[in-house]
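# Breakdown of the fold
Listed below are the residues making up each chain.
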Amino acid sequence: MDEGTTIEIRQVIFKRINTGGESLIPSESRRGSYQGIFKDFLEKCVKNELFNSLAPRTELTERRYEGFELVTRFFTYLNNYGNQYK
């Protein structure tokens with residue numbers, strides 16, 4: 001892709017490519033749609049030894065990026081903790 005391609009266009013292209021054949025589950029779509037420093041940080045968290053010992057996953061769940069989802073949910077809840085999920 002051209003470096004001038006906007007994030008919005010990249011997301012549209014990603015969605016179009018992945019709407020045929022086997023459907024993506026929401027977590028796969030989220031993971032593929034977003035890029036950046038925070039996503040890179042989340043992927044490092046998934047590889048953390050302590051995290052993996054506390055939240056073991058099977059090969060099947062790892063193919064569906066369950067670890068990435070767990071880490072993402074943690075930071076989502078942490079970010080909204082003070083708002084009491086309103």
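Scroll up a little and you will see the structure.
Please read these numbers as outputs of a predicted model, since none were measured by experiment.

## Regarding the packing of aromatic side chains
This model, assessed by the stated rule, comprises 4 aromatic pairs. Plain terms: the ring middles of F74 and F75 are 5.0 Å apart, the flat faces sit at 80° to each other, and that makes the pair edge-to-face. Among the residues examined, F75 registers a relative accessible area of 22% and is labelled partly exposed. One aromatic cluster in this structure is built from F38, F41, F74 and F75.

## Structural notes on unusual backbone geometry
Phi angles above zero are rare outside glycine, and Y65 is one such case at about 60°. Among the secondary structure elements, Y65 is positioned in the loop between α5 (59–63) and α6 (66–80).

## Focus: the side chain of E69
Locating E69 in the fold gives a position in helix α6. With residues near it in sequence (within four places) discarded, E69 still touches S27 and R30.

## Overview of the packing of helix α3 (residues 37–46) against α6
Their axes nearest at 9 Å, the elements α3 and α6 cross at an angle of 115°. For the pair α3 and α6, the crossing hand works out as right-handed. Contacts from F38, K39, F41, L42, E43, C45 and V46 of α3 reach α6 at G67, F68, V71, T72 and F75. Split by residue class, the contact of α3 with α6 holds 8 nonpolar, 2 polar and 2 charged.

## Thoughts on the pattern of salt bridges
What the rule picks out here adds up to 3 salt bridges. Among the ionic pairs, E43 bridges to K39, the shortest N-O distance being 3.2 Å. With E43 and K39 both in helix α3 and 4 residues apart, the pair spans about one turn of that helix. Residue K39 is classed as buried on the basis of its relative accessible area, which comes to 13%. Here R73 and E69 are joined by a salt bridge, their closest N and O atoms 3.7 Å apart. You can see R73 and its partner E69 sitting in helix α6, 4 residues apart, about one turn around the helix.

## Description of helix α2 (residues 26–33)
Among all positions in α2, only S27, E28 and S33 are buried. Tucked into the core, α2 has its buried residues touching α1 (7–17), α5 and α6.

Quick notes on the rules
- Residues numbered from 1 in each chain as written.
- Predicted model: local features only at pLDDT ≥ 70, side-chain atom pairs only at ≥ 80, totals over all residues.
- Heavy atoms only, no water.
- Phe/Tyr/Trp six-rings, centres within 6.5 Å; stacked < 30°, edge-to-face > 60°.
- Buried < 20%, exposed > 50% of the residue type's maximum accessible area, 1.4 Å probe, protein only.
- Helix = DSSP H or I, 4+ residues; strand = E, 2+ residues; numbered from the N terminus.
- Contact = heavy atoms within 4.5 Å.
- Axes fitted to C-alpha atoms, helices over the stretch in contact; angles between N-to-C directions.
- Left-handed = near helix turned anticlockwise from the far one by under 90°.
- Nonpolar A, V, L, I, M, F, W, Y, C, P; charged D, E, K, R; others polar.
- Salt bridge = Lys/Arg side-chain N within 4 Å of Asp/Glu carboxyl O.

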